[in-house]
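Each chain, letter by letter, is given below.
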Amino acid sequence: MIHRKFMRTRQLKPGMRVDHPVTDRLGRVLIARGATLDEYVIESMLKMGIMSIYIQEITDDDEDGSISAAAQKNIERLRTDDRAKVSLSDSVRERVAEGIQYVYNNTDDPALVEATTNIADSLMTAIQENDAMAIDISALKTSDEYTFKHSVDVATISMIVAKKMGMTDTEIREIGMAGLLHDVGKTKIPPEILNKPARLDDAEFEIMRQHSVYSYRIIQNNAALSDEVKLAVLQHHEKINGTGYPMGVSSEKITPYAKVLAVADIYDALVTERPYKSAFSQREAVEMIMSMTQELDLYAMESFLQSMILYPVDSIVELSNGEKAKVVKNSPYYILRPTVVGLTSGKVYDLGEDLGCASIIIL
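So, here is what we can say about the structure in this document. (Residues numbered from 1 in each chain as written. Predicted model: local features only at pLDDT ≥ 70, side-chain atom pairs only at ≥ 80, totals over all residues. Heavy atoms only, no water.)

### As for the pairing of strand β7 (residues 324-329)
Both faces of the sheet carry side chains from a regular strand, because those side chains alternate between them. Judged from the three bridges that link them, strand β6 (residues 316-318) and β7 form a sheet pairing that is antiparallel. Residue pairing for β7: V317 is matched across the bridge by A325. (Pairing = 2+ DSSP bridges. Helix = DSSP H or I, 4+ residues; strand = E, 2+ residues; numbered from the N terminus.)

### Structural notes on the packing of helix α11 (residues 256-271) against helix α12 (residues 282-290)
With their axes 9 Å apart at the nearest point, α11 and α12 run at an angle of 145 degrees to one another. As α11 runs across α12, the sense of the crossing is right-handed. Contact residues: V263, I266, Y267, L270 and V271 in α11; Q282, A285, V286, M288 and I289 in α12. (Axes fitted to C-alpha atoms, helices over the stretch in contact; angles between N-to-C directions. Left-handed = near helix turned anticlockwise from the far one by under 90°. Contact = heavy atoms within 4.5 Å.)

### Digging into the nonpolar core
Counting 79 residues, the largest nonpolar core has Y267, F304 and L319 as its most contacted members. The element contributing the most residues to this core is α11, with 11 residues. Residues contacting Y267, with those up to four places away along its chain left out, are I137, I157, Q282, A285, V286, I289, F304, M308 and L310. The next biggest cluster of nonpolar side chains, apart from the first, holds 11 residues, and it includes V22, L37, M45 and I55. (Core = buried A, V, L, I, M, F, W, Y, C linked by side-chain atoms within 4.5 Å. Buried < 20%, exposed > 50% of the residue type's maximum accessible area, 1.4 Å probe, protein only.)

### Section: the side chain of D268
Inspection of the secondary structure assignment puts D268 in helix α11. No salt bridge forms around the buried D268; measuring N to O, its nearest opposite-charge neighbour K149 is 4.6 Å away. Side chain to side chain, D268 and H150 meet in a polar contact 2.7 Å long. Among all residues touching D268, those that are not within four sequence positions of it are I137, H150, D153 and V154. (Lys, Arg positive; Asp, Glu negative; His and termini not counted. Salt bridge = Lys/Arg side-chain N within 4 Å of Asp/Glu carboxyl O. Polar contact = N/O pair within 3.5 Å; in protein donor to acceptor, adjacent residues only side chain to side chain.)

Honestly, that's just the spatial picture; any functional story needs more than this.
Next comes the structure, spelled out in structure tokens:
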């Protein structure tokens, strides 16, 4: 069987086949689906800043009987579809990609807010079309450029979390706009700092920390944006214990929108590869988020965790006991520990509820 697998570009090997077309910022196909990778193509993608793609993984799970009869029986018996996830059609992806590039390339244009609103409306429609309650971040891919992709990721995650928190449609749309605009101030950061292919020194980091202030200044006098949106953009790096920036305010002075943006921003930055750092796995990123109880709002964190799907149903995973297994059911309360069925043994591992599985993790 052919499965789609999301991989970081630095992990690719010659001979792997592309499962989804790789496109440039204008939507032009650079690498067609089905193309076989070689060293030159992999190196070219890295130079262009393409940090991850989908590849085809061919397995013989069903053909050679490596899924036992007992496993197949339990898989069919227990398989439960995931909660509806955000899905962007190709036309929406193109529209969103063009829109976010326009916003970041035209920060002084009075049409900035209109363009941002149109993107937020497109994301809102995508969420409403199938009553999406969850998100699989690896399936979004709206751009190959980090800043653009990150802004759309943060906006989409934040909108789903806001929906989980019971916010109104107006609030969900506004938090999406704040997510789209939260890093627009990076256009004012010197390119040699913004694009430095290594970790920033202390002086450079202090300059980078000003991006949220620059973002705020770009939009502060625009009457078409609410004060909550403007504050969220300014405060998205603040922490509830007062250790954030730029003002170092604590929980009671941080707008609820910013508390949501903070969780989404940190998560997406962790799972994204950059020239100066490797990406953390989704599991590692979630564990790091869960450890930040002194810094992140607990309600926003809880809603975020209940909105993410890390191991979609039908995924093949490797367990710490050495067995490969198929995911058959997810729980919003145990996102790191779904129910899986061992492909060989047919054993059901309810990693979230069964104490007998407490020592078993997904690698």
